[in-house]
Amino acid sequence: QVQLVESGGGLVQAGGSLRLSCAASGFIFSINFMGWYLQAPGKHRELVARITTGGSTNYADSVKGRFTISRDNAKNTVYLQMNSLRPGDTAVYYCNAVRRTGWDDALFNWGQGTQVTVSS
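(A) Representation of the overall build of the protein in the model. Along the protein, the regular secondary structure elements total zero helices and 10 strands. Element order for the protein, N to C, with α for helix and β for strand: β-β-β-β-β-β-β-β-β-β. Whereas a compact globule of 120 residues would reach a radius of gyration of roughly 14 Å, the protein reaches 13 Å, a difference of no more than 12%. Once the C-alpha set of the protein is aligned to its principal axes, its extents read approximately 40 × 25 × 25 Å. Within the protein, buried positions represent 43% of all 120 residues. Across the protein, the fraction of contacts at a sequence separation of at least 24, relative to all contacts at a separation of at least 6, is 56%. Working note: accessible area of the protein is about 6,000 Å², and carbon and sulfur atoms make up 46% of it.

Written out as structure tokens, the structure is:
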């Protein structure tokens, strides 16, 4: 059974930083692309960062230069370092395995996510 457990969210002031973690189980983590998505209130969930099996990364324009995705295959964990946070980054953040083709097709059911709130 696939499990995705996100953690590390919280309340932070604008300009601050957070590091999110996602512990994955129930599938072969090392052979999957992984991604971080966010869902702001009243909006669709969108992919903001993706990392390949080889460690190459891609980012949405909205977070480029501020967020960094990384992975530790030994721990089946993917991370999102979030710097220079803005109120517009306020959302629930989720991780998932991502289909290799295309950009943002998630492969598995969603975890509970972790709330990030950025105050101005």
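What follows continues from the structure just given.
(B) Fine view of the sheet that holds strand S4 (residues 33–39). Overall, mixed pairing links the six strands, which are arranged S2-S10-S9-S4-S5-S6 in an open sheet. Because the sheet does not close on itself, it has two edges, and the strands there are strand S2 (10–13) and strand S6 (57–59). Between one strand axis and the next, the sheet turns through 25 degrees on average, direction left out of account. Judged from the five bridges that link them, S4 and strand S5 (residues 46–51) form a sheet pairing that is antiparallel. Bridge assignment links Tyr 37 to a residue of S5, and that residue is Leu 47.

(C) Representation of the state of the cysteines in the model. Overall, the coordinates contain one disulfide when judged by the stated rule. Disulfide partner of Cys 22: Cys 95, at an S-S distance of 1.7 Å. With a gap of 73 residues between them, Cys 22 in strand S3 (residues 18–25) and Cys 95 in strand S9 (residues 91–98) connect regions that are remote in the sequence. Like Cys 95, Cys 22 is buried.

(D) Summary view of unusual backbone geometry. The backbone of Asn 76 sits at a positive phi, close to 50 degrees, despite the residue not being glycine. Here Asn 76 is to be found in the loop between strand S7 (67–72) and strand S8 (77–82).

(E) Region of interest: the environment of Gly 113. Along the chain, the position of Gly 113 falls in the loop between S9 and strand S10 (114–119). If sequence neighbours within four positions are ignored, Gly 113 has contacts with Glu 6, Val 92, Tyr 93 and Tyr 94.

(F) Region of interest: the pairing of S5. Counting buried positions along S5 yields five of six residues, so the element is predominantly enclosed. Counting the residues in the hairpin turn of S4 and S5 gives six residues, including Gly 42, whose phi is positive at 75 degrees. The antiparallel hairpin formed by S5 and S6 contains five residues in its connecting segment, where Gly 55 sits at a positive phi of about 95 degrees.

(G) View of the sheet that holds S7. Read from one edge to the other, the open sheet built from four strands follows the order S1-S3-S8-S7, with strand pairing classed as antiparallel. Both edges of this open sheet fall to strand S1 (3–7) and S7, since each of them pairs with a single strand only. Here the strands of the sheet are splayed against their neighbours by 15 degrees on average, with no regard to which way each runs. Sheet topology places S7 next to S8; six bridges connect them, and they run antiparallel. Along S8, the bridge assignment pairs Ile 69 with Leu 80.

Reading the values: the criteria
Numbering of residues begins from 1 in every chain and follows the order in which that chain's sequence is written. Restriction of local features to residues with pLDDT of at least 70 applies here, the model being predicted, together with a cutoff of 80 or more for giving and counting side-chain atom pairs; totals for whole chains, interfaces and linings are based on all residues. The basis for every side-chain value is the complete set of non-hydrogen atoms in the structure, without hydrogens or water. Strands here are runs of E lasting at least two residues and helices are runs of H or I lasting at least four, both read from the DSSP assignment and numbered beginning at the N terminus. Every radius of gyration here is taken over C-alpha atoms, with the globule rule written as 2.2 Å times N^0.38, N being the number of residues. Partly exposed residues are those whose accessible area sits between 20% and 50% of the maximum for their type, while under 20% is buried and over 50% is exposed, using a 1.4 Å probe and protein chains only. The contact definition used throughout considers only heavy atoms, calling two residues in contact when any of these lie within 4.5 Å. Note on areas: Shrake-Rupley with a 1.4 Å probe; residue coverage comes only from the protein chains shown. Note on pairing: two strands pair once DSSP finds at least 2 bridges between them. Interaxial angle, 0 to 180 degrees, is taken between N-to-C directions of lines fitted to C-alpha atoms, where a helix line uses only the stretch in contact. Put simply, a disulfide is two cysteine sulfurs that come within 2.5 Å.

Structural measurements only, silent on function.
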